[in-house]
Structures are given as structure tokens and as C-alpha cells.
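The chain contents come next:
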Amino acid sequence: MLSIKNIIDIADLSVDDIGLILENADTFDEVLERDLKKVPALRGKTILNLFFESSTRTRISFELAAKRLNADIINFTSSSSSMKKGESIIDTIKTIQSMIVDLLVIRHSDSGVMDFISRNTGLPIINAGDGKHQHPTQALLDLYTIKKALGDFKGLEVAIVGDILNSRVARSDILLFKKMGMNITLVSSSMLLPENLDYFDVRVCSKIDDIIETADVLYMLRMQFERQDRKYYPSINEYNRFLGLDLKRMQSMKEGSLVMHPGPVNRGIEISEAVMNSEDLPKGKIKINEQVRNGVATRMALIYLVLTTG
Ligand code: NCD
């Protein structure tokens, strides 16, 4: 059983919780290999996907995970809802409660909303991304992807590259990867780094070339243009020169090292078209599609564990 009722913040998870999640992800990953990709584990349970921010892959991933567990899942997105008609969040919550559901999966631009909804409904919550704060299910599927590819975590060198400032994925990955004994280096320009860097207690450098030969995992972040209130980088050329991944740089990566990205990729910015289009890449292995695939098994594990923890 998990030691917590909600998956809101990576900081709340113990190493035992994380082990349990990975173990269950493995079990469900096997289910996804079968002809009949379904188990009756959560028959009769109802999950509400509450998305107040746009999303395609995360929402679909949760939907598929719920269906593979035989749970019912309903989608609520703010653009098609009464939120646009001026309904307050508390009224939305009351409406939800009247529907009698068992679990809420929430994406919202405001970090405080998860706790607020949790307190007001008493329902368990899985955070599917809150503003610039956290994206715990992404971090857990990233961890599971690393486990499947490299086996162990202790002492791995992980470089997280790009727009750290605006990235909830980076915040969750840093916390989780450090918890599991990995060494983190943030690779970015000072404009794309948060001010409170001491809090993370990680190494920092400014060029991808500083770490390209030593990283076991190169985690490329998306430039979050929609969250940037001003211009954070002089030009795309400049970004490519210091922070972009191209074929030449991939050539100097360690044998068996991994390239990851939470998606969607801005082709030609953080990763070049040539790298994205190559079938047979030198050395470093692109794990982006594998991350999406592992997202379903990891979310099945999370939904299952949260609903059976009680
Ligand atoms: C991430 C997100 O929304 O934070 N994407 C995702 O969940 N697939 C990362 C991003 O948008 O850059």
C-alpha cells in the first residue's frame, strides 16, 4: 500500500512508495503486451479527468490507463465546460460530488488548486500537472523508462537541458531522480534558470557540450513558449549553439546513454529535425516514444494503487 492518499507532489513519496509504483508499472506493462490488454482490477470505479489546461498526450494516457483497468472515465475540459460561463471552482466541485466519482485526475495552472479540491471533496487526487510547480506522473514514467533501459539508478549522471525556469517536469524530475540516488546537472542559460537554485542543490552548467560525453541520461526540455512572459533567449540559432541536440553531438554521447523529452518536441529547437527523423542513431538512444508507452503502465499503477490504498 502507498503511504499517501494523493499523488500531488513528488516530495510526499517515500522510496518504498516509489518502489511499489515501479513494481506495479512492471506488472501492468506485461498486461499491455497481451492480446487482451485489459484487467478487471477496477471494475465499477469511476474516474474524472478534470483538465483546466490543454493537454493531449497526458489526458489520453490517463484515459487509456483507466480503460485498461476496466474503470469508467469521464473527461471534463474547461473549454467545453461551465467554467467559461462563470461557474466558480467550488460550484464545479459540488457538481462533481453529486456525480459520485472515486478519483480525480486534475491539470490546472494554479498550484494550490489540488489541495483545495482535495480538502473540499475528500476525494483522492492525481496531479496531471499544476502550473510551473509539479508533474509527478511524468517524473514517475520517466523514472520507469530509465529503470527499464538502465536497470539501476544509483550514481547515474542525468543532465536536464533547457527551459528549467518554466518547467514543472524539471521540478518533479529533479526531486525524484535525486531521491533515487542519481546525480543531476542542470544545463541552461541564467535567463532560463530559477532564482532559488540553492533549493535544488544540483550542479549547473551553461553548455550541452560540457556534459554530452559523460551523461547517462540527457533529458531535453521543451521551450515553454506559452509560459514565457518575455523573450528568454536571443535567437533559435543561439539556443541551438549552446543547448540544442544535433547528430554531431549525439555522436559524442556515451554508448547506451539515453535521450529523453516529455513531449511535444519543438523540432529544430531543443532537438534537430535530423535527430528526430533518424531511424538508426549513433550511440545515444532516443526514448521519447518509449516514455509515452511507459506512461500508460505507470498511470495504471498509480490509479490502481491510489484506489486500493483507501
Ligand atoms: C509536459 C507538460 O505539460 O508539462 N508535457 C506533457 O505532459 N506531455 C511538458 C511540456 O509541456 O513541455
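In this report, we go over the structure that sits alongside the text.

1. Re the pairing of strand E4 (residues 125-130)
Here is step 1: Counting buried positions over the six residues of E4 gives six, a clear majority of the element.
Here is step 2: Pairing analysis gives four bridges linking strand E3 (residues 103-108) to E4, with the strands arranged parallel. Considered in E4, the bridge of His108 is made with Asp130.

2. With respect to the environment of Ile18
Here is step 1: Tracing the chain through its elements places Ile18 in helix H1 (residues 15-33).
Here is step 2: Each C-alpha atom of the pair Ile18 and Met180 lies 9.0 Å from the other, and the pair is 162 residues apart in sequence.

3. Considerations on the site of the ligand
Here is step 1: As a structural note, the neighbourhood of the ligand is formed by Arg57, Thr58, Arg107, His135, Gln138, Arg168, Val169, Arg222, Gln224, Arg227, Pro262 and Gly263.
Here is step 2: Between the ligand and the protein, one listed contact pairs an oxygen atom with a side-chain N or O atom of His135 at 2.7 Å.
Here is step 3: For the ligand, whose free accessible area comes to 310 Å², the fraction covered by protein is 94%.
Here is step 4: Tallied by class, residues from the shell around the ligand come to two nonpolar, five polar and five charged.

4. A few points about helix H5 (residues 136-150)
Here is step 1: With 15 residues, H5 ought to run about 21 Å at 1.5 Å a step, and its terminal C-alpha atoms sit 21 Å apart, in line with that.
Here is step 2: Counting buried positions along H5 gives eleven out of 15 residues, so the element sits mostly inside the fold.
Here is step 3: Along H5, the residues that are buried comprise Pro136, Thr137, Gln138, Ala139, Leu140, Leu141, Asp142, Leu143, Tyr144, Thr145 and Ile146.
Here is step 4: Just downstream of H5, Gly151 is the residue with a positive phi angle, here 85°.

5. Things to note about the pattern of salt bridges
Here is step 1: Counting across every chain of the model gives 14 salt bridges.
Here is step 2: In this structure, Lys148 and Glu290 form a salt bridge, with 3.6 Å as the shortest nitrogen-oxygen distance. One end of the pair, Lys148, is in helix H5; the other, Glu290, is in helix H11 (residues 288-309), with 142 residues separating them in the sequence.
Here is step 3: Residue Lys148 is classed as partly exposed on the basis of its relative accessible area, which comes to 33%.
Here is step 4: Glu238 is the partner of Arg241 in a salt bridge, and the nearest nitrogen-oxygen pair spans 3.9 Å. In this pair, Arg241 and Glu238 are both assigned in helix H8 (residues 236-243), three residues apart and thus about one turn of the helix distant.
Here is step 5: Assessed through its relative accessible area of 53%, Arg241 is described here as exposed.
Here is step 6: With a relative accessible area of 26%, Glu238 lands in the partly exposed category.

Thresholds applied
- Residues numbered from 1 in each chain as written.
- Predicted model: local features only at pLDDT ≥ 70, side-chain atom pairs only at ≥ 80, totals over all residues.
- Heavy atoms only, no water.
- Buried < 20%, exposed > 50% of the residue type's maximum accessible area, 1.4 Å probe, protein only.
- Helix = DSSP H or I, 4+ residues; strand = E, 2+ residues; numbered from the N terminus.
- Pairing = 2+ DSSP bridges.
- Near = heavy atom within 4 Å.
- Polar contact = N/O pair within 3.5 Å; in protein donor to acceptor, adjacent residues only side chain to side chain.
- Areas by Shrake-Rupley, 256 points an atom, 1.4 Å probe, with all protein chains shown as cover.
- Nonpolar A, V, L, I, M, F, W, Y, C, P; charged D, E, K, R; others polar.
- Expected span 1.5 Å × (residues − 1).
- Salt bridge = Lys/Arg side-chain N within 4 Å of Asp/Glu carboxyl O.

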